Amino acid sequence: MKAVVIGGTGLIGSKVVRKLNDHGHDAVPASPNTGVNTLTGEGLAEVLQGAQVVIDVSNSPSFEDEAVMHFFRTSTTNLLQAAEEAGVTHYVALSIVGTDRLPQNGYFRAKLAQEELIKASGLAYSVVHATQFFEFMNGIADSATEGETVRIAPVKFQPIHSDDVATAVARTAAGAPLHGTVEIAGPDTFRFDELVRDVLTAQNDPRTVVADPHAPYFGSELQEDSLVPGSGAQLAETRFVEWFAQQK
């Protein structure tokens, strides 16, 4: 199977490429670094020649509302057209748990628009919804910081290791199209504010974490279950506490 991985040189994409190649597939990384630009269409037709599967794990270079919407709408439209012309039989995209629950979040709105384009395309597809990655904990804390205070909503939080995300994406790509969405998450559920506090404490970070039910999460107020998957989710094996202990 030839699989073209859009965003294939990034955190998730590089892992997906390696995992597919390790299992005997021909996984090709595609990104601006390799001469493929989904915003302009440059290199798409060439890299998709002979491909059965497209895996889109790309990300917008800007998270500003208009810029991120432009990125996902434009790149997805170009990629879908090129995939159809190349005869691709399985279109896989990585998205986020909760895209339909946080309409105030510009990034989530853009990801939802991406998903809607894929579903309306007529191509056989699979969408993988992942919870937040372990690796993003410090970035989340930084985004919620005012002075020396970090305001985090005391809601459920179920992060996942990026390597487990890549495994799930690769497995999905190698299987039959789902014509739907699968949710993946880590094995443990935390209180969001408590986990952020524990991480910062372990790093000797002097900031104070405050539980604030109205604290925005990248522009959105969270409900109890905004960031966790439903009951049918696939749970990964890597536990946050074990992973975090290895980062020190």
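Residues numbered from 1 in each chain as written. Predicted model: local features only at pLDDT ≥ 70, side-chain atom pairs only at ≥ 80, totals over all residues. Heavy atoms only, no water.

Looking at an unreviewed UniProt entry, the protein carries the name NAD(P)H-binding protein, with the source organism given as Streptomyces fagopyri.

## What to know about the sheet that holds strand β2 (residues 26-30)
One open sheet holds the seven strands; their spatial order is β2-β1-β3-β4-β5-β9-β14, and the pairing between them is parallel. Unpaired on one side and paired on the other, β2 and β14 (234-235) mark the two borders of the sheet. Pairing geometry for strand β3 (residues 53-56) and strand β4 (residues 90-96), over four bridges, is parallel. Note that in β4 the partner of V54 across the bridge is Y91. Contacting β1 (2-6), β2, β3 and β4, helix α1 (residues 11-22) crosses the sheet at an angle of about 165 degrees to β2. Running over the sheet, helix α4 (residues 106-120) touches β3, β4, β5 (125-130) and β9 (180-185) and is turned about 160 degrees from β4. (Pairing = 2+ DSSP bridges. Helix = DSSP H or I, 4+ residues; strand = E, 2+ residues; numbered from the N terminus. Contact = heavy atoms within 4.5 Å. Axes fitted to C-alpha atoms, helices over the stretch in contact; angles between N-to-C directions.)

## A look at the pairing of β1
Both faces of the sheet carry side chains from a regular strand, because those side chains alternate between them. In terms of burial, β1 is largely enclosed, as five of its five residues are buried. Judged by which residues are buried, β1 turns out to be covered on both faces: K2, V4 and I6 on one side and A3 and V5 on the other are all buried. When β1 meets β2, the two strands line up parallel, connected through five bridges. Bridged to V5 within β2 is P29. Remark: the β1/α1/β2 crossover connection has right-handed handedness. Sheet topology note: the β1/β3 ladder contains four bridges and is parallel. Each residue of the ladder has a partner; that of V5, found in β3, is I55. (Buried < 20%, exposed > 50% of the residue type's maximum accessible area, 1.4 Å probe, protein only. Right-handed = clockwise from strand over helix to strand, strands pointing away.)

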